[in-house]
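Read off the chains here:
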Amino acid sequence: PLDSSLVGQLMIAKYAFLTTSRGLEIIVLLSFIFGKITTAWLIWDMIAYLLVNIVFYKLLLKIFHSSKTAFIGALFFATNYSLLIFGLTYFMDVGGWLFYCLSIYFLYLYIESNTKRDLYLASLSISVGSLMKENAPFAYIPLFIIILYENRYSLLNFIKKITPPSIVALTPMFLQHLTIYFFYDFSYWQFFQMNRSTYLYSSRMIEYIKNFGSLLNIFAPIAIAGLFVLLKSWENKLYEEFGMNTKKLVFIASVLASSIPAVMWPGITQRVLFMVVPGLIILSGFLIKRYEKYWYIFIIPVVLYTLSSFFMNSILNFVNLPF
């Protein structure tokens, strides 16, 4: 029989082929150019990091029609602890985050344009992203919800409208999972079960507090204030002040909802919980937009937030000391 540690390593290897095959291929391809896998990996991480921040900035610009709001929101995004520490290290997550953000960006373009091209670009982003990291397909939740909202009065129309983009978005992932199961007798369910038995906490609530605290820290009050501005403006100012209609609000709610699978994951880590960050930054945009003429004031929390990200590992080492 195989040693238990070797069994775990084999499962991780199968998991990598199952969920990150395209990302691994990119790194191997870059290694032919730059010589080392480690160098190629860091270069890919830097490219993906740059691209995901550009895409998210453009998304905020589209939503709020304000370069100042988009700039401040993008700074909070770019300097987030998880994106900095895990996005620019030897992890594959940043590739999934990139295609997740690409998908919700194209979905928002679809909301504004109502053109099939943007809808299928959103689907294609999920399709490619699903082979980069399993967090990218979370973008299917907003796509599903938006099409459901559009066809809420007709189940038949909803089925007709959701089927083609679903085929585009989900077929590569389905084929990948089927292939890995057929040739290697391995499924994502096995990996999920392994995580359930690995991550055991005396208190999941305490773990959530520690992880969300380190992930969001001083940004959390800004996101909450953004939600407060949104709710207070609901009746008569949402369209006049923010250009918001019901469909755009459904989009924002759906982006927030797309983080639910991450929150429910057995292992409570900032790297997984990062999926809550895009939606919360969009929420914070309502506060930033309202006070955008004082945009420079937001630089102070951005600087503190950035510093906390760089020193967070030391802070966490202290917090996790046994007392």
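These numbers come from a predicted model, not from an experiment. Numbering of residues starts from 1 in every chain and runs along the sequence as written. Residue-level local features of this predicted model are given only where pLDDT is at least 70; pairs of side-chain atoms are given and counted only at 80 or more, and the full residue set underlies all totals for whole chains, interfaces and linings. Neither water nor hydrogens contribute to the side-chain values; these are computed over all heavy atoms in the structure.

Bringing the overall build of the protein into the picture now. Along the backbone of the protein there are 18 helices and 0 strands. When we talk radius of gyration, it's over C-alpha atoms, and the globule rule is simply 2.2 Å times the number of residues to the 0.38. Against the globule reference of 20 Å for 323 residues, the protein gives a C-alpha radius of gyration of 20 Å, in line with a compact fold. Here the C-alpha coordinates of the protein stretch approximately 70 × 55 × 45 Å along the principal axes. Each residue gets one of three labels from its accessible area relative to the maximum for its type: buried under 20%, exposed over 50%, partly exposed in between, using a 1.4 Å probe on protein chains only. For the protein, the proportion of its 323 residues judged to be buried stands at 48%. Any two residues whose heavy atoms approach within 4.5 Å at even a single point are treated as in contact. Sequence separation of at least 24 residues holds for 78% of the intrachain contacts in the protein that already meet a minimum separation of 6. Exposure was quantified through the Shrake-Rupley algorithm and a 1.4 Å probe, taking into account, for residues, occlusion by the shown protein chains and nothing else. Per element, the accessible surface of the protein, about 16,300 Å² overall, is 71% carbon and sulfur. Positive charge is attributed to Lys and Arg, negative charge to Asp and Glu, and no charge count is given to His or to the chain ends. By convention, the charge on Lys lies at NZ, on Arg at CZ, on Asp at CG and on Glu at CD. The centroid of the 23 positive side-chain charges in the protein is displaced by 5 Å from the centroid of its 14 negative side-chain charges. Numbering of helices and strands runs from the N terminus, with a helix taken as a DSSP run of H or I at least four residues long and a strand as a DSSP run of E at least two residues long.

Any two side chains of opposite charge can pair if their charged atoms end up close together. Salt bridges, as used here, are contacts in which a Lys or Arg side-chain nitrogen is within 4 Å of a carboxyl oxygen on Asp or Glu. Taken as a whole and assessed by the stated rule, the structure comprises 10 salt bridges. The partner of K161 in a salt bridge is E150, and the shortest N-O contact between them spans 3.3 Å. With K161 in helix α9 (residues 155-184) and E150 in helix α8 (residues 140-150), the pair connects residues that are 11 residues apart, well separated along the chain. Here K161 falls in the partly exposed class, since its relative accessible area comes to 27%. Here E207 ties to K210 by a salt bridge, and the two come within 3.4 Å at their closest N and O atoms. Placement of both E207 and K210 in helix α11 (residues 204-216) is noted, with a separation of 3 residues, approximately one turn of the helix. For K210, a relative accessible area of 25% corresponds to the partly exposed category. Within the structure, one salt-bridge network assembled from shared partners comprises E150, K161 and K247.

Moving on, we get to the side chain of E207. For E207, a relative accessible area of 18% puts it in the buried group. E207 has contacts with Y201 and I268, leaving out every residue within four places of it along the chain.

Moving on to the confidence of the model for the protein. Along the chain, pLDDT gives the predictor's confidence residue by residue, from 0 to 100. On average, residues of the protein score 92 in pLDDT, and 95% of them reach the 70 mark or higher. Within the protein, no element has a lower average pLDDT than helix α1 (residues 4-19), which sits at 77, and none a higher one than α8, at 98.

This brings us to the packing of aromatic side chains. Stacked, tilted and edge-to-face are the three classes assigned to paired rings of Phe, Tyr and Trp, where Trp is represented by its six-membered ring and a pair needs centres within 6.5 Å; plane angles under 30 degrees give stacked, over 60 edge-to-face, the rest tilted. Counted by the stated rule, this structure contains 26 aromatic pairs. With a centroid separation of 5.0 Å and 45° between ring planes, the pair formed by F76 and F219 is classed as tilted. Of this pair, F76 sits in helix α4 (residues 67-78) while F219 sits in the loop between α11 and α12 (220-232), and the two are 143 residues apart along the sequence. Residue classification places F76 among the buried residues on the basis of a relative accessible area of 0%. Accessibility expressed as a relative area gives 1% for F219, which makes it buried. Taken together, the ring pairs connect Y15, Y188, W189, F191, F192 and W265 into an aromatic cluster.

Nonpolar core, defined: a set of buried Ala, Val, Leu, Ile, Met, Phe, Trp, Tyr and Cys residues in which side-chain atoms within 4.5 Å join the residues together. L59, F77, L143, F219, F251, I282 and F286 are the most contacted members of the largest nonpolar core, which has 88 residues in total. Here this core takes 15 residues from helix α6 (residues 93-113), the largest share from any one element. If sequence neighbours within four positions are ignored, F251 has contacts with L59, I63, I104, L107, Y108, I111 and I146.

Here we come to a nonpolar patch on the surface. Patch membership requires over 30% relative accessible area and the absence of a salt bridge. Like charges are linked within 9 Å, and nonpolar side chains (Val, Leu, Ile, Met, Phe, Trp, Tyr) within 5 Å. Taken together, I218, I300, V303, L304, L307, F310, F311 and I315 make up a surface patch of nonpolar side chains, about 770 Å² in accessible area. For L307, a relative accessible area of 43% gives the class partly exposed.

Here we come to the packing of α12 against helix α17 (residues 277-290). Remark: α12 packs on α17, axes separated minimally by 7 Å, with the N-to-C direction vectors making an angle of 70°. Looking at the two axes, α12 sits roughly perpendicular to α17. The interaxial crossing formed by α12 with α17 has left-handed handedness. Of α17, the residues touching α12 (which contributes I222, A223, A225, G226, L227, V229 and L230) are L280, L283, S284, F286, L287 and R290. Residues are sorted three ways: Asp, Glu, Lys and Arg are charged, Ala, Val, Leu, Ile, Met, Phe, Trp, Tyr, Cys and Pro are nonpolar, and all the rest, Gly among them, are polar. Grouping the amino acids of the contact of α12 with α17 by side-chain chemistry returns 10 nonpolar, 2 polar and 1 charged. Structural elements are reduced to axes, namely lines fitted to C-alpha atoms, with helices fitted over the stretch in contact, and the angle between N-to-C directions of any two is expressed from 0 to 180 degrees. Convention used here: angles under 35 degrees read as roughly parallel, angles over 145 as roughly antiparallel, angles from 65 to 115 as roughly perpendicular, and any remaining angle as oblique. Crossing handedness: left-handed means the near helix sits turned counterclockwise from the far one by under a right angle, and right-handed means the same turn made clockwise.

What follows deals with the packing of α6 against α8. Contact geometry of α6 with α8 gives a least axis separation of 10 Å together with a crossing angle of 15°. Comparing their axes, α8 and α6 come out roughly parallel. Of the two elements, α6 crosses α8, and the hand of that crossing is left-handed. Residues I104, L107, Y110 and I111 of α6 form the contact with α8, whose participating residues are P142, L143, I146 and E150. Grouping the amino acids of the contact of α6 with α8 by side-chain chemistry returns 7 nonpolar, no polar and 1 charged.

Inspection of α8 places Y140, P142, L143, I146 and I147 among the buried residues, and these make up the whole buried set. Buried residues of α8 fall within an arc of 165° about the axis and therefore sit on the same side. Along its buried surface, α8 packs onto α6, α7 (116-129), α9 and α14 (246-257). Comment: arc refers to directions from the helix axis out to C-beta atoms.

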